[in-house]
Amino acid sequence: MQGVGVSPLRLEAAPLFMTLEEYVANKLREAILKGYLKPGEKLDQNEIAELLGVSRSPVRDALRKLAAEGLVQIHPYRGAIVAELSPEELEEIYMLRRVLEGLAARLAVPCLDVERLTVLEEILQAMDEMEDADAWIELNYRFHHTIYEAARRPRLLALIDNLRNIVAPYIRQYISTPEYRQSAQASHRRILEACVRRNAVAAQRETEEHLQAVVDGILIASRPMEAAETSSVAAKGGSHGV
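An account of the accompanying structure is given in this report. Note that the coordinates shown come from a computational prediction; the quantities given were computed from them, not determined experimentally.

Cut-offs used in this document
- Residues numbered from 1 in each chain as written.
- Predicted model: local features only at pLDDT ≥ 70, side-chain atom pairs only at ≥ 80, totals over all residues.
- Heavy atoms only, no water.
- Core = buried A, V, L, I, M, F, W, Y, C linked by side-chain atoms within 4.5 Å.
- Buried < 20%, exposed > 50% of the residue type's maximum accessible area, 1.4 Å probe, protein only.
- Helix = DSSP H or I, 4+ residues; strand = E, 2+ residues; numbered from the N terminus.
- Contact = heavy atoms within 4.5 Å.
- Pairing = 2+ DSSP bridges.
- Polar contact = N/O pair within 3.5 Å; in protein donor to acceptor, adjacent residues only side chain to side chain.
- Axes fitted to C-alpha atoms, helices over the stretch in contact; angles between N-to-C directions.
- Parallel < 35°, antiparallel > 145°, perpendicular 65-115°, else oblique.
- Left-handed = near helix turned anticlockwise from the far one by under 90°.
- Nonpolar A, V, L, I, M, F, W, Y, C, P; charged D, E, K, R; others polar.

### Some remarks on the nonpolar core
Phase 1 of the analysis: In this structure, Y94, F143, I147, C195 and I218 are the most contacted members of the largest nonpolar core, which totals 47 residues.
Phase 2 of the analysis: When residues of this core are traced back to their parent elements, those giving at least two are α4 (87-108), α5 (114-129), α6 (133-149), α7 (154-175), α8 (178-196) and α9 (200-239).
Phase 3 of the analysis: Ranked by residues supplied to this core, first place goes to α7 with ten residues.
Phase 4 of the analysis: Not counting residues within four places of it along the chain, the set of residues in contact with C195 comprises V109, L112, L117, I147 and A203.
Phase 5 of the analysis: The next biggest cluster of nonpolar side chains, apart from the first, holds 21 residues, and it includes V24, L28, L63 and L71.

### Focus on the pairing of strand β3 (residues 79-82)
Phase 1 of the analysis: Where strand β1 (residues 42-43) and β3 come together, two bridges link them in antiparallel fashion. Counterpart to K42 in the pairing with β3 is I81.
Phase 2 of the analysis: Where strand β2 (residues 72-75) and β3 come together, four bridges link them in antiparallel fashion. Paired with V72 across the bridge in β3 is V82.
Phase 3 of the analysis: Linking β2 to β3, which pair antiparallel, is a turn of three residues.

### Focus: the side chain of R97
Phase 1 of the analysis: Along the chain, R97 turns up in helix α4.
Phase 2 of the analysis: Note on R97: relative accessible area 3%, which makes it buried.
Phase 3 of the analysis: Side-chain polar atoms of R97 contact the side chain of Y94, separated by 3.2 Å.
Phase 4 of the analysis: If we skip the residues at most four places from it in the chain, R97 touches G102, L163, R164, V167, I171 and L211.

### Remarks on the sheet that holds β3
Phase 1 of the analysis: Spatially, the three strands line up as an open sheet ordered β1-β3-β2, and their pairing is antiparallel. Each edge of the open sheet is held by one strand with a lone partner, namely β1 and β2.

### With respect to the packing of α6 against α7
Phase 1 of the analysis: One can describe the packing of α6 onto α7 by two numbers: an axis separation of 12 Å at closest approach and a directional angle of 155°. Taken together, the axis directions place α6 and α7 in an arrangement best described as roughly antiparallel. Seen from above, α6 lies across α7 with right-handed handedness. Counting all contacts with α6, which are made through D134, W136, I137, N140, Y141, H144, H145, Y148 and E149, the residues of α7 involved are L157, I160, D161, R164, R172 and I175.
Phase 2 of the analysis: A per-class count over the contact of α6 with α7 returns seven nonpolar, three polar and five charged.

As structure tokens, then:
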């Protein structure tokens, strides 16, 4: 946890309405979702406690909470690390996301009023002009959330948000490229057009296809990195005569 990863964990006073466990969990969750802490990165309890000015107890409880959310993995010997997902796990999560978010979009369409449709159009216009990757990602979340929220299914929305959070570190790298943003915006336009036409089935289909394109892109983008890591390991092994 050296370098940029610790920057969002600098000491701040915990809000009065929040327990220390919630405070630590929120700080770590934010650092993971924003990409400051990378998949596989070790989370040292002593270092976190020192950075946040708390004892190890709320840090330990916060890590357990994040493990239950799927953002952290706790191993008997390695300790806690930011959750790592295999290609198979990513595909499984996106399979669930397609089902849940497609359903949310279909349920939302009959409930989308003119005001909400106007907000969606404004979000897409802002995304067209946005160059900052972090701000674009936040707008992307707002676009989808604004649609799903109209379905008035809080448990469905909570499931969707949890799955989105689990894959957020992987989305961030891929979604930040200009190529992705251009294709994503075309997909967002098709989703909005289906909503405007009150075509619930089309909104569901476009949402599902959008998510499939995202996971396909993430998996393709990750292959060169996996190949580089494999080559690096092989080279190190060869230098030792293994």
